[in-house]
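Structural characterization, general
Spelled out from the first residue to the last, the chains are:
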Amino acid sequence: FNARGMAIRSEQGVAVRMAGALTDITERYKAEQMKSEFVSIVSHELRTPLTSISGSLRLACGGVLGDLPPKAKNLLETAYKNSLRLGALIDDLLDMEKLSAGKMQMHFEVTEVLSAVELAVETNRSYAEQWGVGFDIQAQLEHAFVRTDPARFQQILANFLSNAAKYSPKSCNVDVTVARIGSMIRISVRDYGPGIPMEFRERLFQKFSQADSSDTREKGGTGLGLAITKDLVEGMGGKLGFESEVGKGSCFYVELPEITVTAQNQPTLTEQS
Ligand code: ADP
């Protein structure tokens, strides 16, 4: 049951009566549980066979079947790319479900920011090249440490980098900056693309929201990336933000509290938040 109540007071401020409402939320709770189980089962049942399909297609594209006629090769490559897209969508759905059910487990480690950023840039470079875009790391802030779940931190950076790449004009590089702002470390990813339309900004971090619905087809997105990223950043005790000017570009950033690493390599918070 969900209970809500309030005291009704006399003119002198003395509570004379209580009014309230009890709502039976058993059904709602059950429905939530079922939805959560459904998404998790479906995702796992889809994920396992899909991994095997992608693996076989990757081998086939890699030449394991010998020299194939160009048409066959093209078909296999399209199938492989789409199997990866489907895999990414299933992963996003699983993550979204875990985050909204409060079941996302983070495994925190001390993370050196610049190396993590360099790794993310390297991992996403070939994706950006498909859009004719490169990455420039602007500031070399070395030996700055934050507390992250490293795999999830890579996911956050990959979301910023891949969005910046796909919304950038061709041959226009994306700038990646690491800076210290007070007690926080800020990682910014700036592009020179179309910017975020004013009327879309309040929906930017909502699930399945896209400024332009044709983007799913043309750019391969689902509108889940930023919703997941926001929850992940908040789960790490950080803050996510953006600045954008229509027609000039956008800058998405994540800020995490800096930690100092002592001689014993034990992290201590420089500032308690
Ligand atoms: P996806 O990229 O999968 O569509 P996201 O949640 O990452 O989903 O982004 C949601 C929407 O926000 C995008 O579809 C796009 O409309 C807008 N967006 C995100 N990043 C940028 C960017 N750097 N420049 C312009 N628009 C962006």
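Described in the following lines is the structure provided in the data block. (Residues numbered from 1 in each chain as written. Predicted model: local features only at pLDDT ≥ 70, side-chain atom pairs only at ≥ 80, totals over all residues. Heavy atoms only, no water.)

1. Some details on the overall build of the protein chain
- A count of helices and strands for the protein chain gives six helices and ten strands.
- Here the protein chain has a C-alpha radius of gyration of 23 Å; the compact-globule value for 273 residues is 19 Å, and the former is much larger.
- The principal-axis extent of the C-alpha atoms belonging to the protein chain is close to 90 × 45 × 45 Å.
- Counting all 273 residues of the protein chain, 36% fall into the buried class.
- Considering only contacts within the protein chain whose residues lie at least 6 apart along the sequence, 67% involve residues at least 24 apart.
- Summing over all exposed atoms, the protein chain offers an accessible surface of approximately 16,400 Å²; the carbon and sulfur share of this is 55%. (Helix = DSSP H or I, 4+ residues; strand = E, 2+ residues; numbered from the N terminus. Rg over C-alpha atoms; globule rule 2.2 N^0.38 Å. Buried < 20%, exposed > 50% of the residue type's maximum accessible area, 1.4 Å probe, protein only. Contact = heavy atoms within 4.5 Å. Areas by Shrake-Rupley, 256 points an atom, 1.4 Å probe, with all protein chains shown as cover.)

2. Here's the deal with the pattern of salt bridges
- Taken as a whole, this structure holds ten salt bridges when the rule is applied.
- Residue Arg-125 pairs with Glu-122 through a salt bridge whose shortest N-O separation is 3.0 Å. Of this pair, Arg-125 and Glu-122 both sit in helix α3 (residues 113-130), three residues apart, roughly one helical turn.
- What makes Arg-125 partly exposed here is its relative accessible area of 26%.
- Residue Glu-122 is classed as partly exposed on the basis of its relative accessible area, which comes to 49%.
- Between Arg-190 and Glu-243 there is a salt bridge, and its shortest N-O distance comes to 3.9 Å. (Salt bridge = Lys/Arg side-chain N within 4 Å of Asp/Glu carboxyl O.)

3. Structural notes on the pairing of strand β9 (residues 249-261)
- In terms of burial, β9 is largely enclosed, as eleven of its 13 residues are buried.
- Alignment of strand β5 (residues 145-148) against β9, held across two bridges, turns out to be antiparallel. Residue pairing for β9: Val-146 is matched across the bridge by Glu-258.
- Bridging between strand β7 (residues 184-191) and β9 involves eight bridges; their strand directions are antiparallel. Bridge pairing in β9 links Arg-190 to Cys-251.
- With seven bridges joining them, strand β8 (residues 239-245) and β9 adopt antiparallel strand pairing. Within β9, the residue paired with Leu-240 across the bridge is Val-254. (Pairing = 2+ DSSP bridges.)

4. Concerning a nonpolar patch on the surface
- On the surface, Phe-38, Val-42 and Leu-46 cluster together into a nonpolar patch covering about 280 Å² of accessible area.
- Here Phe-38 is to be found in helix α1 (residues 26-61).
- The exposure class of Phe-38 is exposed, given its relative accessible area of 56%. (Patch = residues over 30% accessible without salt bridge, like charges linked within 9 Å, V, L, I, M, F, W, Y side chains within 5 Å.)

5. Some words on the nonpolar core
- With 44 residues, the main nonpolar core has Val-113, Val-117, Phe-153, Ile-156, Phe-160 and Val-254 as its most contacted residues.
- The set of elements that each furnish at least two residues to this core consists of α2 (70-100), α3, α4 (150-166), β6 (174-181), β7, α6 (225-235) and β9. (Core = buried A, V, L, I, M, F, W, Y, C linked by side-chain atoms within 4.5 Å.)

6. Structural notes on the site of the ligand
- Asn-163, Asp-191, Gln-210, Thr-222 and Leu-226 are the nearest of the 21 residues found near the ligand.
- Measuring from an oxygen atom of the ligand, one finds a side-chain N or O atom of Asn-163 at 2.8 Å.
- At a separation of 2.8 Å, a nitrogen atom of the ligand approaches a polar side-chain atom of Asp-191.
- Here the element with the most residues in the shell around the ligand is α4; it accounts for three residues. (Near = heavy atom within 4 Å. Polar contact = N/O pair within 3.5 Å; in protein donor to acceptor, adjacent residues only side chain to side chain.)

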